[in-house]
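# A structural walkthrough
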Amino acid sequence: MANQESVQQLKDSFTDCQPMLEALGDVNRQNILLTLCDTSCTTGLRVGDITEAVNLSRPAVSHHLKILKDAKLVTMRKEGSMNFYFADIHTNFAKLTQLLASLDALKEINNRND
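Residues numbered from 1 in each chain as written. Predicted model: local features only at pLDDT ≥ 70, side-chain atom pairs only at ≥ 80, totals over all residues. Heavy atoms only, no water.

### A short note on the overall build of the protein chain
- Scanning the protein chain for helices and strands turns up 5 helices and 2 strands.
- Written out in order from the N terminus, the α and β elements of the protein chain read α-α-α-α-β-β-α.
- For 114 residues, the compact-globule estimate of 2.2 N^0.38 gives 13 Å, and the C-alpha radius of gyration of the protein chain, at 18 Å, exceeds that figure by more than 25%.
- For the C-alpha atoms alone, the extent of the protein chain along its principal axes is close to 55 × 25 × 20 Å.
- Across the 114 residues in the protein chain, those meeting the buried criterion constitute 33%.
- Looking at the protein chain as shown, the accessible area adds up to about 7,200 Å², and 53% of this sits on carbon and sulfur atoms.
- The centroid of the 12 positive side-chain charges in the protein chain is displaced by 7 Å from the centroid of its 14 negative side-chain charges. (Helix = DSSP H or I, 4+ residues; strand = E, 2+ residues; numbered from the N terminus. Rg over C-alpha atoms; globule rule 2.2 N^0.38 Å. Buried < 20%, exposed > 50% of the residue type's maximum accessible area, 1.4 Å probe, protein only. Areas by Shrake-Rupley, 256 points an atom, 1.4 Å probe, with all protein chains shown as cover. Lys, Arg positive; Asp, Glu negative; His and termini not counted. Charge placed at Lys NZ, Arg CZ, Asp CG, Glu CD.)

### Description of the nonpolar core
- Residues Ile-32, Leu-36, Ile-50, Val-61, Leu-65 and Leu-73 are the most contacted members of the largest nonpolar core, which totals 24 residues.
- Elements with a contribution of two residues or more to this core: α1 (2-24), α2 (27-37), α3 (47-54), α4 (58-70), β2 (82-87) and α5 (89-113). (Core = buried A, V, L, I, M, F, W, Y, C linked by side-chain atoms within 4.5 Å.)

### A few points about the pattern of salt bridges
- Summed over all chains, the structure comprises 2 salt bridges.
- We note a salt bridge from Lys-66 to Asp-70, for which the minimum N-O separation is 2.8 Å. Placement of the pair is Lys-66 and Asp-70 together in helix α4, with a separation of 4 residues, close to one helical turn.
- Here Glu-79 makes a salt bridge to Arg-77, at a shortest N to O gap of 2.0 Å.
- The partly exposed category is assigned to Arg-77, whose relative accessible area is 25%. (Salt bridge = Lys/Arg side-chain N within 4 Å of Asp/Glu carboxyl O.)

### Considering α2
- Restricting attention to buried positions, one finds in α2 the residues Arg-29, Ile-32, Leu-33, Thr-35 and Leu-36. Buried residues of α2, viewed axially, fall in a sector of 160°; they line one side. Across α2 from its buried face, at more than 90 degrees, point the exposed residues Val-27 and Leu-34. (Arc of directions from axis to C-beta.)

### Topic: the pairing of β2
- Relative to β2, strand β1 (residues 74-79) runs antiparallel, the two being bridged by 6 bridges. Its bridge partner lying in β2, Met-76 is registered against Tyr-85.
- Counted between consecutive antiparallel strands, the loop separating β1 from β2 contains 2 residues, among which Gly-80 sits at a positive phi close to 65°. (Pairing = 2+ DSSP bridges.)

### Notes on the environment of Arg-58
- Tracing the backbone through its elements, the reader meets Arg-58 in helix α4.
- In this structure Arg-58 touches Val-47, Gly-48 and Thr-51, once residues within four positions along its chain are discounted. (Contact = heavy atoms within 4.5 Å.)

### Some remarks on α3
- Where α3 is concerned, the buried positions are Val-47, Ile-50, Thr-51 and Val-54. Here the buried residues of α3 occupy an arc of 105° about the axis, which is enough to place them on one side.
- In this fold, the buried residues of α3 make contact with α2, α4 and β2.
- Asn-55 sits one or two positions beyond α3 and adopts a positive phi of about 55°.

Structure below.
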């Protein structure tokens, strides 16, 4: 029974993490997220700043930012006509931690059954 519950918890965790894992599956989005992690939470970065940092075109950065925003890994603050982007590493990374805990629990159950 514990094994079935662990498997279901793992499935639920994977389902919760799918948008984040998909967003993190692209090296360009990883680089954008790392660039945003280097910036202050009080200032953020504009698309032009990100473009320079990751050597991508402005439309490509905007595309990747949308995917990261949809996955709730990036947030935006608007000041007039300017948008400032920030890494939001606290919101969804707890889900990733839960996924890893679910994998670890299933591994422990499987080790006991061997």
